[in-house]
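Below, each chain spelled out in residue letters.
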Amino acid sequence: MEKGSQTPKKQSQPFQALLSLHSFMDSCNLREVVSKLLLLPHGSLISPSSEGTQAELSVYGHAALLILTESKANPSKDHGIFLSQAHLHGLSTLLLSCSSHALEAFLLQTLSTEPGSAKLIHTDVLLHCLQFPLPDSLSISSLLLQNCSTHRLCFEMWCLEPANMEKLSDQTETFLPLINTYLQVARREDPARPQEVQKEVVTALKQALLAKLSQCVLGNLTEDSGAQVTETLANLIRLSANIKDTKSLINTLPDALQKVDSFERWQLVDAVTEKLDGCPEEQDTWRKSVTTAALKCLIAAYSHSKDPATARLEQEHSILERLQGLLTSAEDITASEWNSFIKNGLKYRYRDHHYLNTLSHLLGVMYGGTEVQKDLIPLTTLYMMTSSHSLFLPTMLEDHEEHSRCQAKEALKCPAVCNTNQFVVLLGAYGVSLNNSDQKLLLLLQEYERNDVSLLKFQSFLWGPAAVEHHKTRKSLGASLWKQESFEDLLALLNTDRMLQTIAHFPQHRKIILQDDKERVYYNDAVEDLGNFYDPRFLLPLFSTILQPECVIDCLKFVSSHALGLTVMALSSYDTKVRAAAYHVLSCFYHHLEGARFREKRQLLYLMDTVRNGVRQQNQRLPFVLTTYIAKVAQQMLKPEDHMYMVLNRFLLSHQSLDFRRVPEFFKLFYGFDLEHKMEREWILSVLEEGISDGHSYELCEQQGIFQTLLAFSTSPLCDEHSQAQIIRVLCQAARVTRAAYNLTKSSGLLTWIIQVVEKKNLDQQLLGAIKEKQVDEAKTSSSTEEKPKSSVKCLPLPLITEFLSVALTISRHLRSRVKAAQLNVFLQTLCSVLKHRGTALSVNKQADWLTLHPQPLSCTEALTLLLCWASLSRNAALLSQIQALAERHKLKELLGMGKDKARGRGSSSQARARKENLAEDAETEKQEESLLTECTSYLSSIFVHWEPAFPLPEPQPREKLDPSQLASDTAHLLTKWSLRCLVEDSYDETRTQEFLHWIQKAVIKQGEGMQFVLLDVGMKADVLRLYHQAFEAQCSSSLSAKVDVLQLFSNIMIRLLESQGNLPELHQAVVSACLPEATHDESRREAGLFLLSSYVHELWRGATSAELFLSHVSLVTRAKCNRQKASKSSLSQTAIRAICHDITTLKS
């Protein structure tokens, strides 16, 4: 094969063996084979062309292409073959010499998966594709323009030729995708190209295409072509057009927007609006015309697609959202347009909550003024149209339409049209919960009451499905046979689990009488789903009504349904009126209880007397922990068979009143000596676990010395694991209170206590999980107390941060592969936060010239342990094998033990297999776990940048003892490779990249061995270049001037690695000195130099010995300058990119 210069007629046996077995070869050997094939003489890679046909690939050419294609399709070994500059040069030459659809498809795939390869393909390929504009060729051209400044400049030079611009104009439909791509990338900042050239090209494109594309948009569009044409026209308007150019389009576009053949025309609205930004009068006229067009377009769309299932709902929703911002006054549209919008919308989009939400928003605009247009549909008629609709009842009553139900309710909210006909529907839809829908329905019910339609007059207090059934029965039996529902029926509607949830997480800030519109909806970010809790704003008035003196109530049912417990919890509310309502309900219940007859009556009366005697002032607010205690005691009074029944009764009978300054009988129950002492301790700890929810409860427990008692007892031999876990949960609850977290950490030595508990042998996984949760709560609440604006940075004391870090690292050493994804996510988030806070504190201390020690925050074993946990949960077999190999090589017992745990957990336990099968069946849970693990990668990356390799001083080591510096080097290699892969696979994140680069410079570049493993690892080398390309070409929210420091740092690292690698071209120093001058205050030259240097780095990083493509870019810039000087006699100002290219050309010559 090496000697042959002619194309063989048939394949030899060794060659056939290569084609059959190449998939089993090592990637290094395969790369060498591909290089040998592509470096064959040109005549050996193509078959001679016959008359009238183009040349085709030969056997060797097909073989090279086959190997490369299959390697890309199966990138299991170091992510496929890393194509060098020589490989891409050979493929480009073949593309120019022969016709091969397979070769074009491979280049297209390569540019799609490896965008940086565009900088290694000669501009002749782009010119070839422009000469033969086939679909694949144009796709290749688009990718070249997107990812390479040289190709963009080459395309601009090509466009400036009159014949080529004429070709674009004549074949606009063919070249439209390419023109659109160029206009998109032309909006980017690219200092490596002369901006004057781009302006000329855009102006020429405007003159050639603006009128033509405008005619296409205003005509009949199809769904396929409409998006491309309108997007191209919008980009062209943004880049070049002025108001004069778009005047005709502005006048005619609103009429075209009303058509429903293509919604894509609406892309032009934003482009035109931006152009009119400086002309307020014209902009207002444009807004009104677009508003009318939006209404007419929606009316036509609803009439055209009557079935929502076949409608283009996404586009309709986009116009509805736009309409909310456009319509600012009732005078902007006519009454007939508004009426048609309502009629067609309610007729065909009644269940579309986007439509209902827009309608609700626009009602205030259209009917909120002092004068309402005469011909508008009256609100009473609109109400009847909405409430009489056939879909009204299903929308309001079906649970799965909760969001639509909420929006429909908003559309109904109008006091002028309230009547009893629909009152039962609202009651049937109401669920007495705290979710947004039910809160707004309660507001609507109160609106009815203000209009003389109340529950008392309606004579029914039921809600939900029970209210609907009750109404049906009443209608069918008539007034003579109908009986009012009993109060037992009302209490039966209260769900026990939801009542207990409401008692445990009572909304202390919920108000019973709202003061203003800002407080209309109650929110609580600490609770995931407010729909799991009852609304005391409805229940307290309901309890007051059913406990009237003339009513008959089953007191036992009132207690057993937890209605008494919820009322007691209301005594801890921060709203005085809620507490007043609760005291009133308790007073009414007490009178009913005195006349009741059931076994537990005396105990409940004595409990209420004890509570009443303890209240020293009117409307006194009780601590949450004590209301929790009272609610639990009330339930215990109904269980005489329990041990706690006797214990609590003994206490109540010995006291006339409760002392609201302390937890009743805490020490007696906690240090009990009865046979059932564990039950007593568990009961009082459950009170603390549920009751410490605010600062008042914490102060009460702190004054009583409860926390010191818990900390001391939990480490004694008398404390079992169950009690210890319960104590930790109590501390977790307290840690959610900011003051408690800070005081316990600073004064009670809580962090040292956690370390002591974690270091115990045979630590239970459930207990460890509780400790992790505790440490997370401590870190969050403690750090939140010190959050300040950046102008006055203030941090926690450094010793305290060090304690947090010690706790986190101690926990990390006890992690096992069986840890859950959610637990790992929260723990990594906390550790990341602590490390960042520590870095901020160190920088603050450094600026203040304070003496601080810099201990190593992470050891090799700790870093590898975290990575091993993530790899186990992610089922990353390759990473697991690498970590295990490293652990065996360096005899890291901690990691080897984790591997055994993993094997046991997955291999020998049938329960683990069952859990795995259930997880696979539950797609939602699996998706959530994947999302958590993806989030973990960013936390891990941020944690690893705080790790630094520690190289001890060289000392003679015994033969059997391993070199610790080698462990640091191997760990650095693994962490760098993993972090790079995560950065490349995720969307580009400038902050993470900057952190990673600073870490690379500190932990890898400064170490000579670190640079070597980067250069020798082919996969890592490819990832470095991918990230380098993303840093320059990725679309970021920040401006170029904001990210120039990151580009400077990255370029310095790349140059340092290239110089370490050696084999540089002669002009290397000239290029570096021109592109990266040591001292320059010219930011434009700095930016241009960095972008120009990126082309040079790409070429050399891929193995080129000469910077041919880089020099071609320099030549293009110089040629563009010469052409402009010929075209214009006026002298050009020396721009930054031209100055750099001039310096390189001068130094080269």
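Residues numbered from 1 in each chain as written. Predicted model: local features only at pLDDT ≥ 70, side-chain atom pairs only at ≥ 80, totals over all residues. Heavy atoms only, no water.

Per an unreviewed UniProt entry, the protein goes by the name Nucleolar pre-ribosomal-associated protein 1 and belongs to Dissostichus eleginoides.

Colleague: Just checking my understanding: could you explain the overall build of the protein for this structure?
Modeller: Summing up its helical and strand segments, the protein has 59 helices and two strands in all. Contacts in the protein between residues at least 24 apart in sequence constitute 75% of all its contacts with a sequence separation of at least 6. Roughly 53900 Å² of accessible area belongs to the protein as shown, and the carbon and sulfur atoms make up 51% of that amount. (Helix = DSSP H or I, 4+ residues; strand = E, 2+ residues; numbered from the N terminus. Contact = heavy atoms within 4.5 Å. Areas by Shrake-Rupley, 256 points an atom, 1.4 Å probe, with all protein chains shown as cover.)

Colleague: So what exactly am I meant to see when it comes to the packing of helix H52 (residues 990–1005) against helix H55 (residues 1040–1061) here?
Modeller: The relative placement of two packed helices is expressed as an angle between their axes plus a distance between the axes. Where H52 contacts H55, the axes come no closer than 10 Å and their chain directions differ by 30°. Like other packed secondary-structure pairs, H52 and H55 cross with a definite hand, here left-handed. Here Glu990, Gln994, Leu997, His998, Ile1000, Gln1001 and Ile1005 of H52 lie close against H55, whose contacting residues are Ala1042, Lys1043, Val1046, Leu1049, Phe1050, Ile1053, Arg1056 and Leu1057. For the contact of H52 with H55, the residue count by class is nine nonpolar, three polar and three charged. (Axes fitted to C-alpha atoms, helices over the stretch in contact; angles between N-to-C directions. Left-handed = near helix turned anticlockwise from the far one by under 90°. Nonpolar A, V, L, I, M, F, W, Y, C, P; charged D, E, K, R; others polar.)

Colleague: I'm lost on the layout of surface pockets in this one. Help?
Modeller: Of the pockets and cavities examined, the largest pocket occupies roughly 1400 Å³. Lining of the largest pocket is provided by 40 residues; of these, Ala504, His505, Glu690, Ser693 and Gln733 occupy positions nearest its centre. Among the elements of the structure, helix H28 (496–504), helix H34 (624–636), helix H37 (677–691) and helix H40 (721–735) are those that each provide at least two residues to the lining of the largest pocket. For the lining of the largest pocket, the element with the highest residue contribution is H34, accounting for six residues. Grouping the constituent residues of the lining of the largest pocket by class yields 16 nonpolar, 13 polar and eleven charged. (1 Å grid on protein atoms, 1.4 Å probe; cavity = no way out; pocket = protein on both sides within 12 Å on 5 of 7 lines; lining within 4 Å. Points joined across faces, edges and corners; volume = space filled by probe spheres on them.)

Colleague: What is the right way to read the environment of Thr291 from this model?
Modeller: As for its placement among the helices and strands, Thr291 is situated in helix H16 (residues 280–304). The exposure class of Thr291 is buried, given its relative accessible area of 0%. Taking the C-alpha atoms as reference points, Thr291 and Leu323, 32 residues apart in sequence, are found 6.5 Å from one another. Setting aside residues up to four positions removed in sequence, Thr291 forms contacts with Leu323, Leu326, Leu327 and Ile333. (Buried < 20%, exposed > 50% of the residue type's maximum accessible area, 1.4 Å probe, protein only.)

Colleague: Quick question: what am I supposed to make of the pattern of salt bridges here?
Modeller: Any two side chains of opposite charge can pair, so long as their charged atoms come close to each other. Using the criterion set out here, one finds 37 salt bridges in the structure. Among the salt bridges present, the one from Asp332 reaches Arg287, with a minimum N-O distance of 2.8 Å. One end of the pair, Asp332, is in the loop between helix H17 (313–326) and helix H18 (335–348); the other, Arg287, is in helix H16, with 45 residues separating them in the sequence. As far as burial versus exposure is concerned, Asp332 and Arg287 are alike and both buried. Notably, a salt bridge pairs Asp1143 with Arg1085, separated by 2.8 Å at the nearest N-O pair. Placement of the pair is Asp1143 in helix H59 (residues 1136–1148) and Arg1085 in helix H57 (residues 1083–1101), with a sequence separation of 58 residues. Residue Asp1143 is classed as partly exposed on the basis of its relative accessible area, which comes to 28%. What makes Arg1085 buried here is its relative accessible area of 17%. Shared partners join several salt bridges into a network, and the residues in it are Lys119, Arg152, Glu156, Arg188, Asp190, Arg193 and Glu1033. (Salt bridge = Lys/Arg side-chain N within 4 Å of Asp/Glu carboxyl O.)

Colleague: Hey, could you run me through the nonpolar core in this one?
Modeller: Considering soluble globular proteins, one finds that nonpolar side chains tend to be buried as a cluster. Core analysis: the biggest nonpolar cluster contains 352 residues, and Tyr182, Trp338, Phe341, Leu539, Phe543 and Leu688 have the highest contact counts within it. Counting five residues, the second largest nonpolar core, distinct from the first, contains Leu434, Tyr522, Val527 and Phe533. (Core = buried A, V, L, I, M, F, W, Y, C linked by side-chain atoms within 4.5 Å.)

Colleague: Looking at this model, I keep getting lost on H40. Mind explaining?
Modeller: The end-to-end C-alpha separation of H40 is 21 Å, in line with the 21 Å expected for 15 residues at 1.5 Å each. The buried count for H40 comes to twelve of 15 residues, which makes it a mostly enclosed element. Restricting attention to buried positions, one finds in H40 the residues Ser723, Gln724, Ala725, Gln726, Ile727, Ile728, Val730, Leu731, Cys732, Gln733, Ala734 and Ala735. (Expected span 1.5 Å × (residues − 1).)

Colleague: It is not clear to me how the packing of aromatic side chains should be interpreted in this structure. Could you clarify?
Modeller: Throughout the structure, instances matching the rule amount to 26 aromatic pairs. Where Phe155 meets Tyr182, the ring centres are 5.3 Å apart and the plane angle is 50°; that geometry is what we call tilted. With Phe155 in helix H9 (residues 149–159) and Tyr182 in helix H11 (residues 172–186), the pair connects residues that are 27 residues apart, well separated along the chain. Judged by centre distance (5.1 Å) and plane angle (80°), the ring pair of Phe670 and Tyr671 falls under edge-to-face. With a relative accessible area of 0%, Phe670 lands in the buried category. Clustering of aromatic rings is evident, with ring pairs tying together Tyr302, Trp338, Phe341, Tyr355 and Tyr367. The ring of Tyr590 has Arg612 sitting right over it, with the charged end atom 4.6 Å from the ring centre. Sitting over the ring of Phe670, Arg681 keeps its end group 5.6 Å from the ring centre. (Phe/Tyr/Trp six-rings, centres within 6.5 Å; stacked < 30°, edge-to-face > 60°. Lys NZ or Arg CZ within 6 Å of the ring centre and 35° of its normal.)

Colleague: Please explain unusual backbone geometry as it appears in this structure.
Modeller: Across the chain, the bulk of peptide bonds are trans and the bulk of non-glycine residues have phi less than zero. Backbone geometry places Val432, a non-glycine residue, at a positive phi of 60°. Along the chain, Val432 turns up in the loop between helix H23 (423–429) and helix H24 (436–450). The phi torsion at Lys891 lies on the positive side, around 55°, for a residue other than glycine. Overall, Lys891 belongs to the exposed group, its relative accessible area being 58%.

Colleague: In this structure, what is going on with the side chain of Ser544? I would like to understand it.
Modeller: Of note, Ser544 is situated in helix H29 (residues 536–546). Of the residues examined, Ser544 reaches a relative accessible area of 14% and is grouped as buried. Apart from residues lying up to four places away in sequence, Ser544 is in contact with His584 and Val585.

Colleague: Looking at this structure, how should I read helix H14 (residues 243–257)?
Modeller: Every α-helical turn comprises 3.6 residues, leaving residues that sit three or four positions apart pointing alike. Compared with an ideal rise of 1.5 Å per residue, which puts 15 residues at 21 Å, H14 spans 19 Å between its outermost C-alpha atoms and is within 8% of the ideal. Along its length, H14 reaches its greatest deviation from straightness, about 35°, at Asn251, and the proline Pro254 lies no more than four positions downstream. (Bend = angle between axes of the 7 residues up to and from the residue.)

Colleague: Would you take a moment to explain the packing of helix H33 (residues 601–614) against H34 for this structure?
Modeller: Here H33 crosses H34 at 165°, and the two axes come no closer than 10 Å. For the element pair H33 / H34, the angle class is roughly antiparallel. Note that H33 runs across H34; the crossing there is right-handed. The segment H33 lies against H34, with Leu604, Leu607 and Val611 engaging Ile630, Val633 and Ala634. Classifying every residue of the contact of H33 with H34 by side-chain character gives six nonpolar, no polar and no charged. (Parallel < 35°, antiparallel > 145°, perpendicular 65-115°, else oblique.)

Colleague: Which parts of the structure should I look at to understand the environment of Leu750?
Modeller: Tracing the backbone shows Leu750 in helix H42 (residues 750–758). Counting along the chain gives 42 residues from Leu750 to Gln708, while the straight-line C-alpha distance between them is 9.7 Å.

Colleague: Which parts of the structure should I look at to understand the confidence of the model for the protein?
Modeller: Detailed conclusions should not be drawn from predicted coordinates in areas where pLDDT is low. Here the protein averages 82 in pLDDT, while 84% of its residues score no lower than 70. Across residues 408–416 the pLDDT falls below 50, and counting only partners more than four positions away or on other chains, this stretch makes 21 contacts in the model. Confidence drops under pLDDT 50 across residues 1126–1133; counting only partners more than four residues distant or on other chains, this segment forms three contacts. (pLDDT = per-residue confidence, 0-100.)

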